[in-house]
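The lines below spell out each chain.
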Amino acid sequence: MSKESQVLVEKPDIKKAADVEKKAGALEVFIMGKSYQVPTGLTIMKAIEYAGYRFIRSCGCRAGFCGACSTVYRIENEQKLSFALACQKLVEDKMYLVQLPFVPAAKAEYDIGKLKPSESTLLTIYPEIARCVSCNTCTKSCPQDIEVMKYIQMAIRGDIKRCAEISFDCIQCGLCAMRCPADIKHYHVSQLARRLRGKYIDTRSKNLAKRLEEIENKKYDGDIEKLIKKDKRDIMTMYTNRRIEAEEEGDIGGD
Amino acid sequence: MKLIDGYPDYMMKSIELVEEKREKNISTAVKPMTMEKREQVLSKYHPDYMNSTKRKVSIGVDKGKIMYNGIVDLLEAKPILNPNDVDLSKIDYDIDLLIVGGGGAGTVASLFAYESGIPKENILIVTKLRHGDANSMMAQGGIQAADRPEDSPALHYLDIYGGGHFMNKPELARALALDAPKIINWHEELGVMYDRQDNGEFQELSGGGTCRNRMHSAKDYTGMELLRNIRDEARNLEIPVSEFCPIIEFLMDDKGQVAGGIAFNIETFEYHVIRAKATILATGGSGRLHLSNYPTTNHYGATGDGLIMAYHVGANLLDLDTIQIHPTGDAYPEPIVGILSTEKIRGLGAVPLNKNGDPFVFPLEPRDVEAATFIRECKNGKGIVTPTGMPGVWLDSPMIDIIHGEGTIEKKLAGEARKFKRFDIDMTKHPILVYPTLHYQNGGVEINEKCETKVPGLFAAGEVTGGVHGKNRLMGNSLLDYNVFGRRAGIYAAKYVKKAKAGKITLNHINKYNRMLEKANIKTTKKAPILLPEYRGEMAISRALDIL
């Protein structure tokens, strides 16, 4: 038998596997203190649904991008509280679960067009960042493993660029703000830092500026009009024969 | 089950073959297919080409038109609202502009309606979940705009039109291509942090079906970066938003115009009567209907509500005989089945491989074609079957760091790497397993360049609409879509408001629809719109696809 054909010889019996798993792998979880039996292998979100709940709050994109399903949990007989996204964390035996559907942290209102990015901009708009006691609780509570305290330190120092960079993957779940002893609203601070960087600090594209001018002067209107007027066979031929940049590079999507 | 680096032993054996052939696979690429070859593989393997997935609608403006079964089921369901439960003599909100949906399209529309002179207190966004809970937030790969000298809006137009099988409404495809650079510039003004080169030019990649590299990105969190900026702007301007309060039916007036809607607070079960001079429909897509039984990448709220409500007032629907299945949904591990692995992974050079480690398709065909080849491999026994019965093919992600240098994945695919790491899989070392997943509603409510529907007073923008992408949308054109048409909807609805006069409000169209159902002798226990999907109990466990 060749090596290739050996792979997947043992195609698993799907139904049987699922049954076995269900019997052998029943877990006990406590949803807001109440005990439920759920199978192994589910995310916290699916386990809560399996237990019979229908989400209105605390469920959003179900893929780790929206911050709706932040969850606080503790394993029985442990002291430590842990933090996770319900849609991204597998359920474990003896988990005590509660979800946080909303964070009442105040967001500053500002006109981004009237701000100037300086060393004191973030401190002026969110002065409480100066109260950071460097306890690192924010970092420990971040389900995205962002170095939250570090970007707050950058904000205090006025390093908008680094604050924006370190905080970039923030999904704005707000767990950091809920845990902070100094009432810092980390996720709002970093939102402002990123907007300041994107608008004022990063170098602008010259190509884009040129293209906008061309569009303003209606340079492409005629070309597109011609394409629209072409009969179907002609445009299909044109489409099929068009030069594909990625293919020619031989290095797909090279940047 | 014992796992090695996150994979069971038998899957690891297949990975060994992938590793053996990696060098060869990097240097020898599969060429794109001819149009004839594409048609062949689509007709044999894509669900759009199978008769069992679709049927004719038997009532309403599109009577006789073929659409996916799951959509027809809801069009032929009883309207969930009983008009007798609402007192129309008591108007709770009397405003200029009602925006239905608080995702990308709705929020952009609110900003441009405000800029066009509608006072903020006369605008109301109502949304089913939280403001910003939407597919827009989840888009990873990027947004297209032809701004490099090697590129042009005309080439972008050609890609959109060909990708849509030449069935798009040309004027909508033109608006999409021609407005794109302006949108990128607007984002710069808002403060979006696009990926750039040292000289400030954008890092632009290729996407499936694009003839030039024009994909602008913000790591693999492009949708999140765009929408959090746009939403922050709306919050700074204090545009009113009512959350957990979806519209469940539109209101009409005695002149046949849409005149607002009935909102339903899904936490307190109260109705609110909202009268508006103009209404923008921006409820997004319908992945959570799991058409053709596919798992989905979509947001919890993507249940196609807007299609149903628009149909109830007589708006027509386009191209709902097609769905976009995204080629690279996750097939393993089980908890993330159906979740998207971005097309950017292929854009950066990763190649799809079968269980023997062999390539079988050009990595950047249009999505429908690429997906059909994955299904073909699996049906022909060249896929890998996971312990829970999910089929898939490999996407050889470690190629990326070999091609572009170590650290590329960590830097450009941070979200993806994080997702797999949570399940002990290191995508820089091992390939990931993928299978097509329901991703996008290609069609929807027909609009024109001004985002007007066939019904006066009702505008629409974003995924709920049809005509922009024809029968298939290309990567990077949906983020663009919600910006281009959200903006246009806001501007043109604001213009309409200045001349519009609302008449006497009514829900008679619902009674009429109910009578139509009776007359057609449709027996149904379903009610629509459904608002939220049902996953309680055993439904929480993803079922294996029944396509193999």
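On a predicted model such as this, the values are computed, not experimentally measured, just so you know.

Reading the values: rules and limits
- Residues numbered from 1 in each chain as written.
- Chains lettered and ligands numbered in written order.
- Predicted model: local features only at pLDDT ≥ 70, side-chain atom pairs only at ≥ 80, totals over all residues.
- Helix = DSSP H or I, 4+ residues; strand = E, 2+ residues; numbered from the N terminus.
- Buried ≥ 20, exposed ≤ 12 C-beta atoms within 10 Å, placed from the backbone.
- Contact = placed C-beta atoms within 7 Å.
- Expected span 1.5 Å × (residues − 1).
- Pairing = 2+ DSSP bridges.
- Domains from an automatic or database assignment.
- Nonpolar A, V, L, I, M, F, W, Y, C, P; charged D, E, K, R; others polar.
- pLDDT = per-residue confidence, 0-100.
- Axes fitted to C-alpha atoms, helices over the stretch in contact; angles between N-to-C directions.
- Parallel < 35°, antiparallel > 145°, perpendicular 65-115°, else oblique.
- Left-handed = near helix turned anticlockwise from the far one by under 90°.
- Core = buried A, V, L, I, M, F, W, Y, C linked by C-beta atoms within 7 Å.

Draft legend 1. Main features of the overall build of chain A. Check the secondary structure of chain A and you find 13 helices and 5 strands. For chain A, buried positions account for 37% of its 255 residues. Sequence-distant contacts, at least 24 apart, represent 59% of the contacts inside chain A between residues at least 6 apart.

Draft legend 2. Examining the overall build of chain B more closely. Within chain B, the regular secondary structure consists of 17 helices and 25 strands. Judged by the C-alpha coordinates and their principal axes, chain B covers about 75 × 55 × 45 Å. Counting contacts in chain B only where the partners sit at least 6 residues apart, residues at least 24 apart contribute 77% of the total.

Draft legend 3. Main features of helix α5 (residues 104-115) of chain B. Residue and element names in this part refer to chain B. For α5, which comprises 12 residues, the first-to-last C-alpha distance of 17 Å matches the rise-based estimate of 16 Å (1.5 Å per residue) to within 8%. Within α5, 10 of the 12 residues are buried, which leaves it mostly tucked inside the rest of the structure. Taken together, the buried positions of α5 are Gly 104, Ala 105, Gly 106, Thr 107, Val 108, Ala 109, Ser 110, Leu 111, Ala 113 and Tyr 114. Looking at the packing, one finds that the buried side of α5 touches β6 (93-100), β7 (123-126), α6 (135-138), α9 (222-236), β14 (271-281) and α16 (478-499). Where α5 ends, the next residue or the one after it, Gly 117, has phi of about 110 degrees, a positive value.

Draft legend 4. Region of the structure containing the sheet that holds strand β23 (residues 465-466) of chain B. Residue and element names in this part refer to chain B. Strand order in this open sheet of 3 strands is β15-β21-β23, and the pairing throughout is mixed. Since the sheet does not close on itself, it has two edges, and those belong to β15 (317-318) and β23, each with one partner. With 2 bridges connecting them, strand β21 (residues 444-446) and β23 associate as parallel partners. Its bridge partner lying in β23, Glu 446 is registered against Gly 466.

Draft legend 5. Quick look at the domain arrangement of chain B. All names here are of chain B. Domain annotation of chain B identifies domain 1 (3-30 + 337-436) and domain 2 (79-323 + 441-509). Each of domain 1 and domain 2 has a C-alpha centre, and the two are 33 Å apart. Counting only elements with at least two residues in the side of domain 1 that touches domain 2, the list comes to α11 (344-347), α12 (367-379) and α15 (414-421). Residues of the side of domain 1 that touches domain 2, tallied by class, amount to 8 nonpolar, 4 polar and 8 charged.

Draft legend 6. Seen up close, the interface of chain A and chain B. Facing 79 residues of chain A, the contacting portion of chain B comprises 89 residues. Contributing elements (two or more residues each) for the side of chain A that touches chain B: α1 (3-6), α2 (14-24), α3 (44-50), α9 (186-201), α10 (206-216), α11 (221-229), α12 (232-240) and α13 (245-249) of chain A. Ranked by residue count, the leading element in the side of chain A that touches chain B is α9(A), at 7 residues. Residues of the side of chain A that touches chain B, tallied by class, amount to 37 nonpolar, 16 polar and 26 charged.

Draft legend 7. Highlighting the confidence of the model for chain B. Overall, the predicted model of chain B reaches an average pLDDT of 95, with 99% of residues at or above 70. For this predicted complex, the interface score ipTM comes out at 0.93, while the overall pTM is 0.94.

Draft legend 8. Structural context of the packing of α5(B) against α9(B). All names here are of chain B. Interaxial distance between α5 and α9 falls to 10 Å at its minimum, and their mutual angle equals 40 degrees. Regarding the angle of α5 to α9, the classification is oblique. Viewed along their axes, α5 and α9 form a crossing whose handedness is left-handed. Where α5 abuts α9, its residues Gly 104, Thr 107, Val 108, Ser 110 and Leu 111 lie against Leu 227, Ile 230, Arg 231, Glu 233 and Ala 234. For the contact of α5 with α9, the residue count by class is 5 nonpolar, 3 polar and 2 charged.

Draft legend 9. Structural detail: the domain arrangement of chain A. Domain assignment breaks chain A into domain 1 (25-99), domain 2 (112-201) and domain 3 (206-242). Distance between the C-alpha centres of domain 2 of chain A and domain 3 of chain A: 43 Å.

Draft legend 10. Focus on the sheet that holds strand β4 (residues 82-85) of chain A. All names here are of chain A. The 5 strands lie next to each other as β2-β1-β5-β3-β4, forming an open sheet whose pairing is mixed. Looking along the sheet, the strands with just one partner apiece sit at the ends: β2 (34-38) and β4. Looking at each pair of strands side by side, their axes are set apart by 35 degrees on average, direction ignored. Pairing of strand β3 (residues 70-75) with strand β5 (residues 95-99), which is carried by 5 bridges, proceeds in the antiparallel orientation. Considered in β5, the bridge of Val 72 is made with Val 98.

Draft legend 11. Structural context of the packing of α9(A) against helix α8 (residues 170-190) of chain B. Between α9(A) and α8(B), the shortest axis-to-axis distance is 6 Å and the interhelical angle comes to 120 degrees. With respect to α8(B), the axis of α9(A) lies oblique. Residue-level inspection shows A:Arg195, A:Gly198 and A:Lys199 of α9(A) in contact with α8(B), the latter providing B:Glu188, B:Glu189 and B:Leu190. A breakdown of the residues in the contact of α9(A) with α8(B) according to their chemical character gives 1 nonpolar, 1 polar and 4 charged.

Draft legend 12. Geometry of the pairing of β2(A). Examined bridge by bridge, strand β1 (residues 27-31) of chain A and β2(A) share 5 bridges and lie antiparallel to one another. In the strand pairing of β2(A), A:Glu28 is matched with A:Gln37.

Draft legend 13. Examining the nonpolar core more closely. Residue and element names in this part refer to chain B. Grouped together as the largest cluster of nonpolar side chains are 221 residues, with contacts concentrated most on Leu 97, Ile 280, Phe 459 and Ala 461. The leading source of residues in this core is α16, at 10 residues. Excluding anything up to four places from it in sequence, Ile 280 contacts Leu 97, Ile 99, Val 100, Gly 106, Ala 109, Phe 459, Ala 460, Ala 461, Ala 489 and Ala 493.

Draft legend 14. View of the confidence of the model for chain A. Averaged over chain A, the pLDDT score is 90; the fraction of residues at 70 or greater is 87%. Note on residues 250-255 of chain A: pLDDT under 50 across the span, and 20 contacts to partners over four residues away in sequence or across chains.

Draft legend 15. Spotlight on the environment of A:Phe55. All names here are of chain A. Structurally, Phe 55 is set in the loop between α3 and β3. Judged by C-beta crowding, with 22 C-beta atoms within 10 Å, Phe 55 ranks as buried. Note: C-alpha distance between Phe 55 and Met 45 (10 residues apart in sequence) is 9.1 Å.

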